[in-house]
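Structural overview
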Amino acid sequence: MPEKLNLAWLPLALGSLPLSDAAQAWAWTLKYLPQVPVWPQLPRRSYLENMYAQFSENFPGIVVDLEAERTYVDRTQDLDRDLERLYLAYLQNDLEYGVLSVEYAAALHYLLDTEGLLQVPPVAIKGQVTGPVSWGLVVVDQNRRPLLYDEIIADAIAKHLRLKAAWQEQQLKALTPQTIIFVDEPYMSSFGSAFVSLSHDQVVTLLEEVFAGIEGLKGVHCCANTDWSVLLDTSVDVLNLDAYEYAESLSLYPDAVGAFLERGGIIAWGIVPANPAVEGETVESLLDRLHKAMDLLVQKGIPLDKLLAAGLVTPSCGTGPLDPQTAERVLELTAGVSAQMRTRYVTASEPILKPAGAVPVP
């Protein structure tokens, strides 16, 4: 793990926002998430910013059909030359192969091109890339067969996404030395089901390939239930889950969680629902829910001090599908819960968690 950042219950967000203007998206980001801003994904601006299309640029045989809003690989053509180009870029660590063009990531380029946008130096900047499991299951060939079930193509997907992660991290490091790159894996919720035929080792190998391209903190996000032990068996530094709905599922893996925390891992608690349920919540109600979520692990033998020393506050998922008013409420509550957790558990002199001893858990 890289030198540990003093994240100390700071607010963090997933990438997507329900906006089409990069300047407005950054205004929201810097208002609610100034300490660790995330470059916003804007799927309403263009289908090219859909989380699967966004990271498809340069993949062998890729077709992005804007009219049908479909991303697939045409395997009727000879892919050998393009695969050779990908593997050569991988072997030479040619990060320009992994470029995210402005058409695919307008808000990222707005950050890179707008001098002085980050007026206050952030603790870190967060980026993201769609994970190889989810990308390989959603992006199909011309016959609608998921690409992940072809061993050669699956390996190419992981190497392609590794270069995508590495390129964006290189760009972000020009602005701040500390980065957090999330690998978003919503389809890990299907792991172990009859619909997804993947082994534990296959998932770990694919994720580790992408993680190997990240120098800063490596995060993984899954917004539903999954076998958390698989993700915790990787070298991930930050585990992000939908703690609003699925905190109990994480408590089923106390040994894996304990080992993760012992090696310095951080849990990013997605305690703010990124759905209309947020309208019925307050900072106080979410604080209560967060403490109860942690208590599920405490009851399984995880020391409370370990949990309090390694926490972040996030929404349960990206806000791209929401209406703007609801999405902004999600960010507002994320910042609010973070502020209260820092007030309770962070010293005034430095952003390190105060060893509070016996902390009451509602």
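Read on for a plain summary of the structure. (Residues numbered from 1 in each chain as written. Predicted model: local features only at pLDDT ≥ 70, side-chain atom pairs only at ≥ 80, totals over all residues. Heavy atoms only, no water.)

Quick notes on the overall build of the protein chain
Within the protein chain one finds twelve helices and nine strands. Taken over C-alpha atoms, the radius of gyration comes to 20 Å for the protein chain, in line with the 21 Å a tight globule of 362 residues would show. Within the protein chain, counting contacts between residues at least 6 apart in sequence, those at least 24 apart form 74% of the total. A total accessible area of about 14,600 Å² is found for the protein chain, and carbon and sulfur atoms account for 49% of it. (Helix = DSSP H or I, 4+ residues; strand = E, 2+ residues; numbered from the N terminus. Rg over C-alpha atoms; globule rule 2.2 N^0.38 Å. Contact = heavy atoms within 4.5 Å. Areas by Shrake-Rupley, 256 points an atom, 1.4 Å probe, with all protein chains shown as cover.)

Examining the sheet that holds strand β5 (residues 179-184)
Strand order in this open sheet of six strands is β3-β5-β6-β7-β8-β9, and the pairing throughout is parallel. Strands at the two margins of the open sheet, each flanked by one partner only, are β3 (125-130) and β9 (311-315). Each neighbouring strand pair of the sheet contributes to a mean axis angle of 25°, computed without reference to strand direction. As paired elements, strand β6 (residues 217-222) and strand β7 (residues 238-241) share four bridges and run parallel to each other. (Pairing = 2+ DSSP bridges. Axes fitted to C-alpha atoms, helices over the stretch in contact; angles between N-to-C directions.)

Here's the deal with empty space enclosed by the protein
Applying the stated criterion across every chain, the model contains one cavity of 30 Å³ or more. The space that makes up the largest cavity amounts to roughly 70 Å³. In terms of lining residues, the largest cavity is bounded by 14 residues, among which Ala-13, Leu-14, Ser-16, Leu-17 and Leu-331 are the most central. Across the lining of the largest cavity, the residue classes break down as nine nonpolar, five polar and no charged. (1 Å grid on protein atoms, 1.4 Å probe; cavity = no way out; pocket = protein on both sides within 12 Å on 5 of 7 lines; lining within 4 Å. Points joined across faces, edges and corners; volume = space filled by probe spheres on them. Nonpolar A, V, L, I, M, F, W, Y, C, P; charged D, E, K, R; others polar.)

Re helix α1 (residues 22-32)
All of the buried residues along α1 are Ala-22, Ala-25, Trp-26, Trp-28, Thr-29 and Tyr-32. Around the axis of α1, the buried residues are gathered within 155° of arc, so they sit on the same side. Structurally, α1 contributes buried residues whose contacts are with α3 (106-113) and α12 (324-345). The N-cap of α1, judged by a side-chain oxygen 3.2 Å from the amide nitrogen of Ala-23 a few residues on, is Asp-21. (Buried < 20%, exposed > 50% of the residue type's maximum accessible area, 1.4 Å probe, protein only. Arc of directions from axis to C-beta. Polar contact = N/O pair within 3.5 Å; in protein donor to acceptor, adjacent residues only side chain to side chain.)

A few points about the sheet that holds strand β1 (residues 62-65)
The strand order across the open sheet formed by three strands is β1-β2-β4, and the pairing between neighbours is mixed. Since the sheet does not close on itself, it has two edges, and those belong to β1 and β4 (140-141), each with one partner. Pairing of β1 with strand β2 (residues 70-73) involves four bridges; the strand directions are antiparallel. Each residue of the ladder has a partner; that of Val-63, found in β2, is Tyr-72.

A closer look at the pattern of salt bridges
On inspection of all chains with the given rule, the structure shows ten salt bridges. Here Glu-209 ties to Arg-162 by a salt bridge, and the two come within 2.7 Å at their closest N and O atoms. Separated by 47 residues along the polypeptide, Glu-209 in helix α6 (residues 200-211) and Arg-162 in helix α5 (residues 151-173) bring together distant segments of the chain. Across the pair, exposure class does not vary: Glu-209 and Arg-162 are buried alike. A salt bridge links Lys-218 to Asp-237, with the shortest nitrogen-to-oxygen separation between them at 3.5 Å. Of this pair, Lys-218 sits in strand β6 while Asp-237 sits in the loop between α7 (228-232) and β7, and the two are 19 residues apart along the sequence. With a relative accessible area of 1%, Asp-237 lands in the buried category. Taken together, the salt bridges that share partners define one network made up of Asp-155, Lys-159, Arg-162 and Glu-209. (Salt bridge = Lys/Arg side-chain N within 4 Å of Asp/Glu carboxyl O.)

Side note on the packing of α5 against α6
Relative to each other, α5 and α6 sit at 30°, their axes nearing to 7 Å. As the angle between them shows, α5 and α6 are arranged roughly parallel. Note on packing geometry: the crossing formed by α5 with α6 is right-handed. Residue-level inspection shows Ala-154, Ala-158, Lys-159, Leu-161, Arg-162 and Ala-165 of α5 in contact with α6, the latter providing Leu-206, Glu-209 and Val-210. Of the residues that constitute the contact of α5 with α6, the class distribution is six nonpolar, no polar and three charged. (Parallel < 35°, antiparallel > 145°, perpendicular 65-115°, else oblique. Left-handed = near helix turned anticlockwise from the far one by under 90°.)

Side note on the nonpolar core
With 107 residues, the main nonpolar core has Phe-59, Trp-135, Ile-267, Trp-269, Val-337 and Met-341 as its most contacted residues. With eleven residues, α5 is the single largest residue contributor to this core. Discounting chain neighbours no more than four positions away, the residues touching Val-337 are Ile-271, Val-283, Leu-286, Leu-287, Leu-290 and Val-313. Leu-7, Leu-12, Val-238 and Ala-268 belong to the second-largest nonpolar core, a separate cluster that totals 13 residues. (Core = buried A, V, L, I, M, F, W, Y, C linked by side-chain atoms within 4.5 Å.)

With respect to the packing of aromatic side chains
If you walk through the whole model with that rule in mind, you get one aromatic pair. Taking NZ or CZ as reference, Lys-159 lies 4.7 Å from the ring centre of Tyr-90, over its face. Geometry around Tyr-244 places Arg-289 over its ring, the cationic atom sitting 3.7 Å from the centre. (Phe/Tyr/Trp six-rings, centres within 6.5 Å; stacked < 30°, edge-to-face > 60°. Lys NZ or Arg CZ within 6 Å of the ring centre and 35° of its normal.)

Observations concerning the state of the cysteines
By definition, a disulfide links two cysteine residues through a covalent bond between their sulfur atoms. Scanning the model with the defined rule gives zero disulfides in all. No disulfide involves Cys-222; its nearest neighbouring cysteine sulfur is the one of Cys-223, lying 5.8 Å away. Residue class for Cys-223 comes out partly exposed when judged on its relative accessible area of 21%. (Disulfide = S-S within 2.5 Å.)

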